Structures are given as C-alpha cells and as structure tokens.
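Summary of the model geometry
Spelled out from the first residue to the last, the chains are:
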Amino acid sequence: LEKAYISSIDLNELDWLDIIISDFVSIYTYDIVDFEKAIFYLKEGADLFAGSEPYITAINYYTIGTIYWDEEKYIEAIKSYEKSKNIWVSYIPSYQDSLTYFYLLNVLGDMYSTVANYDSLETIQGEIIDIGTEEEVIEKSGAWYSLEGEKIGQGKANAVEFLEENSKIAEKIEKQILETLDNKE
C-alpha cells in the first residue's frame with residue numbers, strides 16, 4: 001500500500017490517492033489503531049486535494065476532527081471541524097443544501113456546548129436558523145421567525161435565544177431540516 005501511495009503521488013493519480021488514503025485511514029483507525037498515522041494520511045489527502053476537490057478536503061478535516069474528539073483532544077477536534085466548515089462555506093456551492101454540512105454544524109454545536117464556548121455555539125445555532133429558513137422549516141416574515149405559525153423570535157438573535165431556552169423545539173427544527181435535506185440527496 002505504501003508503494004502504491006508513493007507511485008500515485010509521482011503519477012499525480014488523484015483517484016487512486018483517494019482510495020489509498022481511505023485504505024490507510026481504515027487500517028490505522030480500525031486494525032492497527034494508530035490514530036496519529038491515520039491523521040497524517042488524512043492531512044496528506046487534504047493537502048493533495050485542496051485545490052481540485054474541496055469536498056474531499058472538507059471531509060478529511062471532518063474525519064480528523066472525529067478522531068481527535070474520540071481521543072478527547074477537544075481543541076484539536078474543534079480546529080479540524082472549523083477548518084472543514086470554512087472549506088464548505090468558501091469552496092462548495094450550495095453547501096447549505098448538504099446533509100453532511102448540517103451534520104457538521106450539529107457536531108460543532110455539541111462540541112462548543114461541551115467545552116462551554118457559548119459564543120461559537122450561538123453562531124452555529126444562527127446558521128441552523130438560516131438553513132431552517134432557507135429550507136422553509138422556519139418561516140420568516142419581516143424580522144419575525146416562526147415555526148408552524150408560532151413566533152419564536154423577533155430578529156435572529158432572539159430566535160437563537162428562544163431555541164437555547166427550548167431545546168425540544170430546537171431538536172424538532174433540526175429533525176425537520178435533516179428530513180428536508182435527506183429528501184434532496
């Protein structure tokens with residue numbers, strides 16, 4: 001596998017590299033359990049695909065974040081997830097329609113809640129409101145946000161605050177967004 005990896009780099013065979021890097025990550029994550037090597041190959045893949053395949057790069061950083069989170073290295077996990085999020089927003093058209101991006105927002109929200117970074121959590125919840133509005137799960141009329149005819153806040157900041165205080169309604173909105181995005185894919 002190592003020889004195939006080197007040959008693929010020399011020949012600039014990105015399709016092969018994607019498969020080989022996935023194999024390395026599987027081996028080092030599940031068989032040998034060497035997370036540092038898995039992260040090394042994911043970062044290699046992210047660098048190799050950065051210019052041509054932003055989706056693969058974003059997914060690689062998402063996977064790195066998951067490995068760090070499982071290893072309880074929360075700061076590194078958040079950095080990797082944020083890097084993935086930035087790639088989504090900057091380089092992937094119609095990213096807000098992606099189920100994977102929505103999962104990423106949920107993971108980031110959980111992380112920020114766990115490490116008590118409430119400013120960043122509020123930003124993530126604001127993005128979820130934006131996606132909910134775009135997907136017509138949340139109605140917006142003027143400055144008012146509503147769910148099924150019930151007002152949840154005047155202005156996004158108040159809607160975010162409402163969702164923070166009403167976790168069951170927030171979960172309901174997230175579930176409806178997931179269903180809507182899942183039906184699109």
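Here the structure is shown first, and the text comes after it.
Now for a description of the structure that goes with this document. Remember, predicted model here, so these are calculated numbers, not experimental data. (Residues numbered from 1 in each chain as written. Predicted model: local features only at pLDDT ≥ 70, side-chain atom pairs only at ≥ 80, totals over all residues. Heavy atoms only, no water.)

Another point: the sheet that holds strand S2 (residues 144-147). Sheet strands line up and pair through hydrogen bonds in the backbone, either parallel or antiparallel. Here we have three strands laid out as an open sheet, ordered S1-S2-S3, and antiparallel in their pairing. The sheet is open, and its two borders are formed by strand S1 (139-141) and strand S3 (150-154), each paired with just one other strand. Ignoring strand direction, the axes of neighbouring strands in this sheet form an average angle of 30°. Two strands pair when backbone bridges link them, and S1 and S2 are joined in this way by three bridges, in the antiparallel orientation. If you follow glutamate 139 over to S2, its bridge partner there is serine 146. Contacts between helix H8 (residues 156-165) and the sheet are confined to S2 and S3, with S3 contributing the most and set at about 120° to the helix. (Pairing = 2+ DSSP bridges. Helix = DSSP H or I, 4+ residues; strand = E, 2+ residues; numbered from the N terminus. Axes fitted to C-alpha atoms, helices over the stretch in contact; angles between N-to-C directions. Contact = heavy atoms within 4.5 Å.)

With that out of the way, let us pick up the layout of surface pockets. There is about 290 Å³ of room inside the largest pocket. As for the largest pocket, its lining consists of 16 residues, of which Val25, Thr29, Tyr30, Leu42 and Thr63 are closest to the centre. Sorting the residues of the lining of the largest pocket by element identifies helix H2 (14-31), helix H3 (35-49) and helix H4 (54-70) as the ones contributing at least two each. Residue composition of the lining of the largest pocket, grouped by class: eight nonpolar, six polar and two charged. (1 Å grid on protein atoms, 1.4 Å probe; cavity = no way out; pocket = protein on both sides within 12 Å on 5 of 7 lines; lining within 4 Å. Points joined across faces, edges and corners; volume = space filled by probe spheres on them. Nonpolar A, V, L, I, M, F, W, Y, C, P; charged D, E, K, R; others polar.)

Bringing the packing of H3 against H4 into the picture now. In a pair of packed helices, the angle between the axes and the distance between the axes together describe the arrangement. Packing of H3 against H4 brings their axes to within 8 Å, and their N-to-C directions diverge by 160°. If you check the angle between H3 and H4, you find them roughly antiparallel. Regarding H3 and H4, the two cross each other, and that crossing is left-handed. Across from Phe35, Ala38, Ile39, Leu42, Lys43, Gly45, Ala46, Asp47 and Phe49 in H3, the residues of H4 making contact are Pro54, Ile56, Thr57, Asn60, Tyr61, Thr63, Ile64, Ile67 and Tyr68. Split into classes, the residues belonging to the contact of H3 with H4 amount to 12 nonpolar, four polar and two charged. (Parallel < 35°, antiparallel > 145°, perpendicular 65-115°, else oblique. Left-handed = near helix turned anticlockwise from the far one by under 90°.)

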